[in-house]
Every structure is written in C-alpha cells, then in structure tokens.
Amino acid sequence: MQHSPFAHIEQAPPDPIIGLTEAFNNDTNPAKVNLGVGVYQDANGKVPILNVVKEAQKRWQEQEATKTYFGIDGVPAYIKEVQKLLLGEESQVLAEGRAVTVQGLGGTGSLKVGADFLKRFFPEAQVWISKPSWENHKMLFEAAGFKVNSYPYYDPETHGLDFNGMLETLKTLPAGSIVVLHACCHNPTGVDLNNDQWLLVLDVVKQGKLIPFLDFAYQGFGDSLDADAFAVRTFAEAGIPCLIANSFSKSFALYRERVGALTILTTSAEESKRVLSQVKRVIRTNYSSPASHGAQLVALVLADKELRQQWEAELTEMRERIQQMRGKFVEMLREKGVEQDFSFIQAQRGMFSYSGLSPDAVKTLREKNSLYIVGSGRICLAAMNDNNIGGICAAIAEVV
C-alpha cells in the first residue's frame, strides 16, 4: 500500500462537550442523565419540535416554488425580520440604514464569518473573551488567526460577576481590541450584567475605541425578547459600531437547521454598503450561500401576527420551565440535606449554571451515578425534569 500523506496527523483531543455526549451515548445505565449538552429539553426529556414550527413547515411546503440558490447574504425576508427582532421595530439604526445583516450557519457560523471579516481588516488586533466563556469562542477566533486573551468575569467565591475586574481590564485594552461580550444568558455561567453595568461597559468601549462583538444566542431565555436585547439595543442607540451574532437554535429549537445571522452596526448607509460587500466576499469563499429551509420558517413566523404570538407563548413556556427547574433544584438539594448554599443558581439566567461542583465531584458523579456534567461544573438546567431531578439531587448530595 502506498505511504499515506496523512500518516503524521495526530489524533485531535475530544471536544469537552461533544466528547461528553459521546461518552453519555455509550453508557448503558438506563438511569443516565446528561447535564452537559446545550440543548433545551421539555418536561419529558425530549428536544421538542415547536408546534409553531410544525405549522410554519406546512405553510412553507405549500408555497415554496423553487429550490434555486439564494443570494450570498441569505433570505431577504429573514434578514428583515432578524433586524427588527434584534433592534426593535422603531429602530433609528434601521431607518438610517446603519445595520448590515447576513444569514449565518447558526450562531457559530455567524461568529466565524464575523471573525474572518475582522481578521481581514484588523489583522494586528487581539481578541478578548470572558473568563470563562463558551468553549468554542477561543478556538473559533484562534482559527481565524487571532491571539485570544481573557478578561475577568466570573467570581467563584461569590458565584457572581467580577464586574470591577472586568471593567478595569477593559479600560487597559489598546484601541481596536476586539471584545467578545455575551448579550444575555452567559454561557457557561448563567451570570449576566445588569442594565447599569452594561451602561458602564458601553462607556469604556466607547472611550477606549474598542470593537465589541456581541454573542446573542439566547434572546428570550432570560427575561423576555425585548428585555434580553437591552445590551444590543443600547450599543445601537449609542451609535457604537459593533458586530452581533445571533441564533435561533434555542429559541425556535431549530438546532439541526443551523439558523443564525451576523449583524454589523455602522455609522452610515454608505459605510453599510461597503461593509456588506466585504462580508459577502467572506461568505463566498466559505460556503457561497446559506441554506433556505430554517430561515424561511423563522421569517414566516416572525412576520405573521398569529404565528408570532404562538411562538412567543411557546418560548415563554420554555423560559419559565427552566426557571422552575432552578427553583426546584435548589429546594430539593436543601431537602436532601445539602448544607452548601446553592441559592445563587436561582439568580442566574438562561439554560446554564456554574454549579460550583469540583472536578473530583464531577468525575465521581459520572463514574458512580452516570450523571454527566462538564468538568468545569457547568450544568444545563434545561435537561432537568420532574422525572430525573430527584436522582440528580440525591447523587449530588453524596459528593458535596
């Protein structure tokens, strides 16, 4: 056999989350629970297809007339609805043409397009992400060619935000530094800035001439669609140029459809035109043009009053179920005799929580109880339900 040119390639280390899911899938224990995977599950432990999505699929199937390509930037109706959802129906930014939006392959693909765009025009800049941040942030920006640093964010002593550390570090960054910010429902900690803190960050970004890149994957999973958009809309109203990557994987449960978008806020309609032309070049050399189906469903729902109301009701149900699980989790741990205070979990927002469980505890829970948790102690509250929460709490009570 001919010598392989790939013989020197080493085995890549497993992704900490995907690898955990693979181990979970191979576990034969019928009582196994995966609290590491980042997907919403309903009260029966299933990843649902929303009823509004089923209805939108029926409607779209009846009216779809072609399978030809869309433009490089994506489905026009989708782009329009994304902009209104992010920035508000009456946004002055939209009225003045100061927003550029392109359809992306989920939140990850949107971040990647943004990273490649930034590397092309700010090649000497460095990227700063929160400590900790979503696992893929560092790898994604490094793959684009950036040096990636971190700014203080989570305080393990208080299980809250190290805001002073964050703010003071941001003040020291060189002009043109790229700062990745979680707009709401911070992944992995569940710890968010309040509105007053966002205003202070905005001032530092403006004074320091930094380039903010807001990751906005969980709109509607914190407090509400509008409340969760506070950071995005505040940056927009302040006239600060920035990038926003958003996703409908969670809010529409369209994980496998890869529906996201990259929006760039500019200072003028003329600037928007130039920026869009360059973003489209980035897309053209990556995947040429995006897929249609998922974006058409989202556009159809957001533009139709009846479907929009149905979606918001289902989104509210998902958000409230997660909040209920937070409360039950804390209460049941207390009932199981756990003396450690876990009440901070109720103050966190979104699907995730930094539980405070040690790596040793996480390892024991996996080996003894088939309870799968990311090594950092991050847990997905959306994977809890009335059928498994008792066993989860009993197992944790044995290791803390």
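Above this note sits the structure.
The structure contained in this document is the topic of the report that follows. Just so it is clear, the structure is predicted and the values come from calculations on it, not from any experiment.

### Side note on the packing of aromatic side chains
Step number 1: Applying the stated rule across the entire model yields 12 aromatic pairs.
Step number 2: Summarising the aromatic geometry, the rings of Y78 and F248 are spaced 5.9 Å apart at their centres and angled 70 degrees between planes, so their arrangement reads as edge-to-face. Of this pair, Y78 sits in helix 3 (residues 76-87) while F248 sits in the loop between strand 9 (242-247) and strand 10 (259-265), and the two are 170 residues apart along the sequence. Assigned by exposure class, Y78 and F248 land together as buried.
Step number 3: Arranged with centres 4.6 Å apart and planes meeting at 20 degrees, the rings of F252 and W311 form a pair that is stacked. Pair noted here: F252 is in the loop between strand 9 and strand 10 and W311 is in helix 13 (residues 305-335), with a separation of 59 residues, a long-range link.
Step number 4: One aromatic cluster is present, formed by Y78, F248, F252 and W311 through successive ring pairs.
Step number 5: Note that K32 overlies the ring of F24, its terminal NZ or CZ placed 4.6 Å from the centroid.

### Section: the pattern of salt bridges
Step number 1: On inspection of all chains with the given rule, the structure shows 17 salt bridges.
Step number 2: The salt bridge partner of D228 is R349, with a shortest N-O separation of 3.1 Å. Here the residue D228 occupies a position in helix 9 (residues 225-228), and R349 occupies one in the loop between helix 14 (344-347) and strand 11 (352-354), the gap between them amounting to 121 residues. Here D228 and R349 have matching classes, each one buried.
Step number 3: Here the salt bridges share partners, and the residues they tie into one network are E55, R59, D304 and E306.

### Looking at the nonpolar core
Step number 1: Ranked by size, the top nonpolar core spans 102 residues in total, and within it Y78, V201, W311 and F329 carry the most contacts.
Step number 2: Examining the composition of this core, we find that 10 residues originate from one element, helix 13, more than from any other.
Step number 3: If we skip the residues at most four places from it in the chain, F329 touches I345, I379, L381, M384, I389, I392, C393 and I396.

### Here's the deal with the pairing of strand 4 (residues 148-152)
Step number 1: As defined by bridge partners, strand 3 (residues 127-131) adjoins strand 4 across 5 bridges and the pair is classed as parallel. Counterpart to I129 in the pairing with strand 4 is S150.
Step number 2: Taken together, strand 3, helix 6 (residues 135-143) and strand 4 form a β-α-β motif whose crossover is right-handed.

### Considering the environment of E257
Step number 1: Among the structural elements, E257 can be located in the loop between strand 9 and strand 10.
Step number 2: Along the backbone, E257 and H293 are 36 residues apart, and their C-alpha atoms lie at a distance of 7.5 Å.

### Notes on helix 7 (residues 163-171)
Helical geometry note: an α-helix holds 3.6 residues per turn, so side chains three or four residues apart project in the same direction.
Step number 1: Among the residues making up helix 7, those that are buried are F163, G165, M166, L167, T169 and L170.
Step number 2: In this fold, the buried residues of helix 7 make contact with strand 3, strand 4, strand 6 (160-161), strand 7 (178-182) and helix 8 (195-208).

### As for the packing of helix 3 against helix 10 (residues 230-237)
Helix-helix packing: each pair is described by the crossing angle between the helix axes and the interaxial distance.
Step number 1: Two numbers describe how helix 3 lies on helix 10: the axes approach to 8 Å, and their chain directions differ by 95 degrees. What the angle tells us is that helix 3 and helix 10 run roughly perpendicular. Counted together, K84, L85, L86 and L87 of helix 3 and V232, R233 and A236 of helix 10 form the full contact between these two elements.
Step number 2: Of the residues contributing to the contact of helix 3 with helix 10, the split by class is 5 nonpolar, no polar and 2 charged.

Rules and cut-offs
Position numbers for residues count from 1 along each chain, tracking the sequence in the order it is written. At least 70 in pLDDT is required for a residue's local features to be given in this predicted model, at least 80 for side-chain atom pairs to be given and counted, and no such filter applies to totals for whole chains, interfaces and linings, which use all residues. With hydrogens and water set aside, each side-chain value is computed from the structure's full complement of heavy atoms. Centres within 6.5 Å make a pair out of two Phe, Tyr or Trp rings, where for Trp the six-membered ring is used; the pair is then stacked when the planes are under 30 degrees apart, edge-to-face when over 60, and tilted otherwise. Only DSSP runs of H or I covering at least 4 residues are called helices, and only runs of E covering at least 2 are called strands; the numbering of each starts at the N terminus. To sort residues, take the accessible area from a 1.4 Å probe on protein chains only and compare it with the maximum for the residue type: under 20% means buried, over 50% means exposed, and anything in between is partly exposed. Put simply, a charge is over a ring when the Lys NZ or the Arg CZ is close to the ring centre, within 6 Å, and near the line of the ring normal, within 35 degrees. Should a side-chain nitrogen of Lys or Arg be within 4 Å of a carboxyl oxygen of Asp or Glu, the pair is scored as a salt bridge. To form a nonpolar core, buried Ala, Val, Leu, Ile, Met, Phe, Trp, Tyr and Cys residues must be joined to one another through side-chain atoms within 4.5 Å. Any two residues having at least one pair of non-hydrogen atoms within 4.5 Å are treated as being in contact. Between any two strands, at least two bridges found by DSSP are needed for them to pair. With the strands pointing away from the viewer, any crossover whose connection runs clockwise from the first strand over the helix to the second is right-handed. For helices, the axis comes from a line fit to the C-alpha atoms of the stretch in contact; other axes are also lines fit to C-alpha atoms, and the angle between any two N-to-C directions lies between 0 and 180 degrees. An angle below 35 degrees is treated as roughly parallel, one above 145 as roughly antiparallel, one from 65 to 115 as roughly perpendicular, and anything else as oblique. Residue polarity is assigned by list, with Asp, Glu, Lys and Arg as charged and Ala, Val, Leu, Ile, Met, Phe, Trp, Tyr, Cys and Pro as nonpolar; anything else, Gly included, falls into the polar class.

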